[in-house]
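# Geometric and topological summary
One letter stands for each residue in the lines below.
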Amino acid sequence: MTNQLKTAALLAALSGLLIAISYWVIGGTSGLIIGIGLAAATNLFSWYQSDKIALAVYQAQPVSEREAPGLYRMVQRLSDRANIPMPKVYIVPSQGANAFATGRDPEHAAVAVTEGILNILPDDELEGVIAHELTHIINRDTLTQAVAATVAGAISFLAQIVSYSLWFGGSRDDNRGGNPLGVLLTVVLAPVAATIIQLAISRTREFSADAGSAKLTGNPRALARALQRLEASAKQMPLNANPAYEPLLIINSISGQFMGNLFSSHPATEMRVAALLKLEQQLPTKTY
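Residues numbered from 1 in each chain as written. Predicted model: local features only at pLDDT ≥ 70, side-chain atom pairs only at ≥ 80, totals over all residues. Heavy atoms only, no water.

Turning next to the packing of helix 3 (residues 69-82) against helix 5 (residues 123-138). In helix packing, the relevant descriptors are the interaxial angle and the interaxial distance, both defined with respect to the helix axes. Close contact between helix 3 and helix 5 brings their axes to 10 Å; oriented N to C, the two are set at 50°. Classified by the interaxial angle, the pair formed by helix 3 and helix 5 is oblique. Crossing angle aside, the handedness with which helix 3 passes helix 5 is right-handed. On helix 5, the residues touching L71, M74, V75, R77, L78, S79, R81 and A82 of helix 3 are D123, L126, E127, I130, A131, L134 and I138. (Axes fitted to C-alpha atoms, helices over the stretch in contact; angles between N-to-C directions. Helix = DSSP H or I, 4+ residues; strand = E, 2+ residues; numbered from the N terminus. Parallel < 35°, antiparallel > 145°, perpendicular 65-115°, else oblique. Left-handed = near helix turned anticlockwise from the far one by under 90°. Contact = heavy atoms within 4.5 Å.)

Written as structure tokens, this is what we have:
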């Protein structure tokens, strides 16, 4: 199954979970209609506003060529090489070293890097990171991840509402609809399921973006070194990230992993590095 089919299936699963929760909690045709409306609204909203939401979450600030000439020209050079419009360039005011891309398509895209990543990466490694993010834009991963984050956030928010209503509102009249088992699944299992589905969407894309970076720069080892350096940095100074939008980042922003690799938004760095070093044997080294 291709990454595109996997992503479509996972997004459908997220939307279906949101619809099912509404049906279980509210009950009957009303719950089904509300669930479908919520799924459609969240997908549509994230389609047009995904870039603004993600940039606001991380407090990213736009920069011009005059303000950040080296970064700006690097993004411009790699965009020209990839034959895509140059995305807008942003800097996140944080010493946590990380980067992400966002936007619904190459014509409405942005690349953001933190102050921390600019401080710790040499130019060849930063180029590998930028090329990784541009590959996400080319593959439309930025839209997929933003839609997934929005729908997963809606599921978790709905579960919180149900939890608060049970805590403060007491019991309800069963004749008015609803399902006790459905309520239990909503409060306890739905946020977990949404998280797993959302993170699976991100994991299916990271290897492809790493490979795209390697092809674009001709230097897989530089990105491999960057990933190792970023992971070490995250353990010392993690980026203060919204969990729903962490899958946008190039590497996990939170040091440590809960329940091993289950809730990690990215594949293990060791696996990504191994894949890049394998690519190095297949790609001719390019000098630009």
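Anyway, onward from the coordinates.
Counted according to the given criterion, the structure contains nine salt bridges. The closest approach of N and O atoms between D124 and R225, which form a salt bridge, is 2.6 Å. Taken together, the positions of D124 in helix 5 and R225 in helix 8 (residues 220-236) put the pair 101 residues apart, joining distant regions of the chain. Here E125 and R229 are joined by a salt bridge, their closest N and O atoms 2.8 Å apart. Pair noted here: E125 is in helix 5 and R229 is in helix 8, with a separation of 104 residues, a long-range link. (Salt bridge = Lys/Arg side-chain N within 4 Å of Asp/Glu carboxyl O.)

Attention now moves to the packing of helix 5 against helix 8. Where helix 5 contacts helix 8, the two axes come as close as 8 Å, and the packing angle between them is 95°. It follows that helix 5 is roughly perpendicular to helix 8 by the angle criterion. Along the contact surface, helix 5 presents D124, E125, G128, V129 and H132, while helix 8 presents A222, L223, R225, A226, R229 and L230. Each residue belonging to the contact of helix 5 with helix 8 can be placed in one class, and the counts come to five nonpolar, two polar and four charged. (Nonpolar A, V, L, I, M, F, W, Y, C, P; charged D, E, K, R; others polar.)

Before going further, it helps to examine the sheet that holds strand 3 (residues 99-103). Strand pairs in the sheet, formed through backbone hydrogen bonds, run parallel or antiparallel to each other. Ordered by their spatial adjacency, four strands build an open sheet running 1-2-4-3, and the pairing between neighbours is mixed. Strands at the two margins of the open sheet, each flanked by one partner only, are strand 1 (61-62) and strand 3. Here two bridges tie strand 1 to strand 2 (residues 88-92), and the two strands are oriented antiparallel to one another. Residue pairing in the sheet places P62 in a bridge with Y90 of strand 2. Strands in contact with helix 5 are strand 3 and strand 4 (109-114); relative to strand 4, the strand with the most contacts, it is inclined by about 150°. (Pairing = 2+ DSSP bridges.)

Among the nonpolar cores identified, the biggest contains 37 residues, and L71, I117, V129, I130, L134 and L230 are the most heavily contacted of them. Counting residues per element, the ones that place at least two in this core are helix 3, strand 2, strand 3, strand 4, helix 5, helix 7 (180-217), helix 8 and helix 9 (269-280). Element by element, the count of residues in this core is highest for helix 5, at six residues. If you look at the next biggest cluster of nonpolar residues, it comprises 15 residues, including Y58, Y90, A110 and L239. (Core = buried A, V, L, I, M, F, W, Y, C linked by side-chain atoms within 4.5 Å. Buried < 20%, exposed > 50% of the residue type's maximum accessible area, 1.4 Å probe, protein only.)

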